[in-house]
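The primary structure of each chain is shown beneath.
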Amino acid sequence: MYGLAAIQQANGWAMAGAGACIVLIGLAVLSFLISMIPHLTGFFEEKAQPPIEKSEITIKPKMIVPDKLPDDLEAASTVYISFTEDLGETFDLIDLHQKAKAVGLPHPYLSINRFRDAGILVSVGDGRFSWQPLSE
Amino acid sequence: MELLLQFLTNTGYYLADYRHFLMWGIGIVFVYLAIGKQYEPLLLLPIGFGVLLGNVPFFKGFGLGIYEPNSVLHYLYFGVTTGVYPSIVFLGLGAMTDFSSLLARPKLMLLGAAAQMGIFFTLLSALALGFLPKEAASIAIIGGADGPTSIFLTAKLAPHLIGPIAIAAYSYMALIPIIQPPIMKLLTTKKERQIHMPDPRPVSRKELLIFPVIGLFLCCFLAPASIPLLGTFFFGNLMKVSGVVDRLAQTARNAIIDTATIFLGLTVGASTQADVFLTTKSVGIFALGAVAFSIATASGVLFGKLMNLVSKEKINPLLGAAGVSAVPGSAREVHMMGQKEDPSNYLLMHAMACNSSGVIGSAICAGILWSFNVG
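Keep in mind that what you see is a predicted model, and the values were worked out from it rather than measured.

**A short note on the confidence of the model for chain B**
In low-pLDDT segments, the atomic positions of the prediction should not be examined closely.
1) Next: When pLDDT is averaged across chain B, the result is 90; 100% of the residues are at 70 or more.
2) Next: Scored as a whole, the predicted complex attains pTM 0.77, and scored at its interfaces, ipTM 0.85.

What follows is the structure, given as structure tokens:
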């Protein structure tokens, strides 16, 4: 048997339709669940934090983030250095980028690239970087 | 004298006919493509040599051929017919795959799902051409562009077609640079091909650890028949990301997958004995394989365009072509085409995300088709 009759006979339309729907829905659900993982891990991390005693709460001075970085690279790097002190002497570029994004510094990718090109941000091996201000 | 004559009549030279030489021609082409052109050499070299090996004429009944019980080749072929080799290959694949770009942009997984539509279109085409349902399902899975998955499903549903289906699947995988670019170009505009994808966000170790467990839970519960493939795949990946069994992960992605690939390729090649392989069905399988692969590529690209219509964040529709699970060939093609239009456009890691979801998608499809055709 050939043609549409053969498809009909083998229940082909149902197999193809159901199969396509199952795989599409299955991967769509998996994709949705994957997108939920960061929220899930974030939620449990928050839960795992020990409750903070009221007396321990210290009010940190609010950071003032400039809307625009100075054109001078060295001056711009001082803004970055001051915001990333807590990363330590050496750090990963991902951490630096995240920190810059978190405090709202404009165009972190571009700035980090310019610092690297200018030798202000230098590699110290093993994928770690450190600041090397030009005046030093 | 009689002894000498008896010996001569048992030699391959005496027993050979034109079909053996035809198969030797095919085997030599495969070996040439692997060595001379370096097209998928890891696959085409063992398969090509296997074709030569399987088509050495011999006196039936000596226990030499791959289809003769108790022959050495038959024992090695056992790993194919039981689905052991594909399962081991998936273990190694899992231990190699980095899911971070997929986890950073989960919606790319939909492209991996869309590219599986080629499988179901080919299922209908194969049925229409008169193939039996189990044969049609085995042929259709070629559209997933995944050699081990094709072999696995065919071993379960239509073992007599393993040779032609495996050869078709691996041939089309090797021909990705020829098949996919014209389809991608035809279905996209220059502007679409130039769309840049934003850098993916960093993915935490916890996410990487949770993914194989969620993946196993969802995919294998949905299509339990995919357990032999996806079970080992996600286990391999968990070994990789856990960081506590580096030695095992290293072995899985090197020695184990290499050993399985060698025996898989060699025995699949050897299974193409002229009398089994040279049939009109094989011609049909090759034609349908080409259709399956092309439709899979096209459906991925078209779904990418559809996503752009309904979503605010634009994605490069070329990525849809990487939704087939030919890792990493199709991702490389997508990246190269993106770079051709705009040299500053780096699509590789996004394409790899689609590629890895294609692997999952085609294994689910295999599970679905197997369960539809049980009994």
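Back to the write-up after that little detour.
**A closer look at the interface of chain A and chain B**
In many reports, interface size means the accessible area that the parts give up when they come together.
1) Next: At the junction of the two partners, chain A supplies 32 residues and chain B supplies 38 residues.
2) Next: Between chain A and chain B, the buried area comes to about 2,900 Å², and carbon and sulfur atoms account for 86% of it.
3) Next: Where chain A touches chain B, the interface holds zero salt bridges.
4) Next: When residues of the side of chain A that touches chain B are traced back to their parent elements, those giving at least two are α1 (3-9), α2 (12-48) and α4 (93-103) of chain A.
5) Next: Here the side of chain A that touches chain B takes 23 residues from α2(A), the largest share from any one element.
6) Next: Grouping the amino acids of the side of chain A that touches chain B by side-chain chemistry returns 23 nonpolar, eight polar and one charged.

**What about the pattern of salt bridges?**
1) Next: Scanning the entire structure with this criterion turns up nine salt bridges over all chains.
2) Next: Close ionic contact of A:Arg128 with A:Asp92 constitutes a salt bridge, the shortest N to O distance being 3.5 Å. With A:Arg128 in strand β2 (residues 128-131) and A:Asp92 in the loop between α3 (73-83) and α4, this pair connects stretches of sequence that are 36 residues apart.
3) Next: Among the ionic pairs, B:Glu192 bridges to B:Lys305, the shortest N-O distance being 2.9 Å. In this pair, B:Glu192 is assigned in helix α14 (residues 190-193) and B:Lys305 in helix α19 (residues 280-310), connecting sequence segments 113 residues apart.

Conventions adopted
- Residues numbered from 1 in each chain as written.
- Chains lettered and ligands numbered in written order.
- Predicted model: local features only at pLDDT ≥ 70, side-chain atom pairs only at ≥ 80, totals over all residues.
- Heavy atoms only, no water.
- pLDDT = per-residue confidence, 0-100.
- Contact = heavy atoms within 4.5 Å.
- Buried area = accessible area lost by both parts, 1.4 Å probe.
- Salt bridge = Lys/Arg side-chain N within 4 Å of Asp/Glu carboxyl O.
- Helix = DSSP H or I, 4+ residues; strand = E, 2+ residues; numbered from the N terminus.
- Nonpolar A, V, L, I, M, F, W, Y, C, P; charged D, E, K, R; others polar.

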